[in-house]
Amino acid sequence: MSSQQMTSIGTAPVPSRRLGRSVWSIVAGFLIVVVLSIGTDVVLHKLGIYPALGQRMADGLFVWATAYRTLYGIFGSYITARLAPNRPMWHALAGAAIGMLIGTAGAVATWNRDLGPHWYSVVLVVGGIPCAWLGAKLREAQISK
């Protein structure tokens, strides 16, 4: 029998709640990163730090966006690892891999639209794995105390 627990309802085996908790941990990490990132963007636009929507930002502002998105990525991965029913590092890295696929699709779709410097898209894609690793390591350090 596999390591995943099975319970029987009637005569049909049903996977345990672990799969649901695994999926939820990754979705929760994504939601946190997306909500915090978009929320910060909106606040910075409203404060006039970022230009009005539809106008290109100065390249220096993308450094700030990279910084807080990196922190949010670490935090989101920490939450994923925290909520994972088992193997927190695996869950955090799986979330990063999915995020990298989405980020790559976004970078390809917007590459020639002059929405920002190319390095910004590349950093967001490549930074996913290190952020996830660090977030999961922070969780592991918390557990080992």
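Note that the structure is predicted; figures quoted are calculated from it, not measured.

**Focus: the side chain of R139**
Then comes step 1: Of note, R139 is situated in helix 5 (residues 128-144).
Then comes step 2: The charged side chain of R139 is buried without a salt bridge, its nearest counter-charge being E140 at 9.1 Å.
Then comes step 3: Leave out the neighbours within four places in its chain, and R139 touches Y78, A81 and R82.

**Structural notes on unusual backbone geometry**
Then comes step 1: Even without being glycine, R87 reaches a positive phi, approximately 40°.
Then comes step 2: Residue position: R87 is located in the loop between helix 2 (59-83) and helix 3 (88-110).
Then comes step 3: Despite not being glycine, D114 has its phi angle at roughly 50°, a positive value.
Then comes step 4: Inspection of the secondary structure puts D114 in the loop between helix 3 and helix 4 (118-126).

What counts, and at which threshold
Residues numbered from 1 in each chain as written. Predicted model: local features only at pLDDT ≥ 70, side-chain atom pairs only at ≥ 80, totals over all residues. Heavy atoms only, no water. Helix = DSSP H or I, 4+ residues; strand = E, 2+ residues; numbered from the N terminus. Buried < 20%, exposed > 50% of the residue type's maximum accessible area, 1.4 Å probe, protein only. Lys, Arg positive; Asp, Glu negative; His and termini not counted. Salt bridge = Lys/Arg side-chain N within 4 Å of Asp/Glu carboxyl O. Contact = heavy atoms within 4.5 Å.

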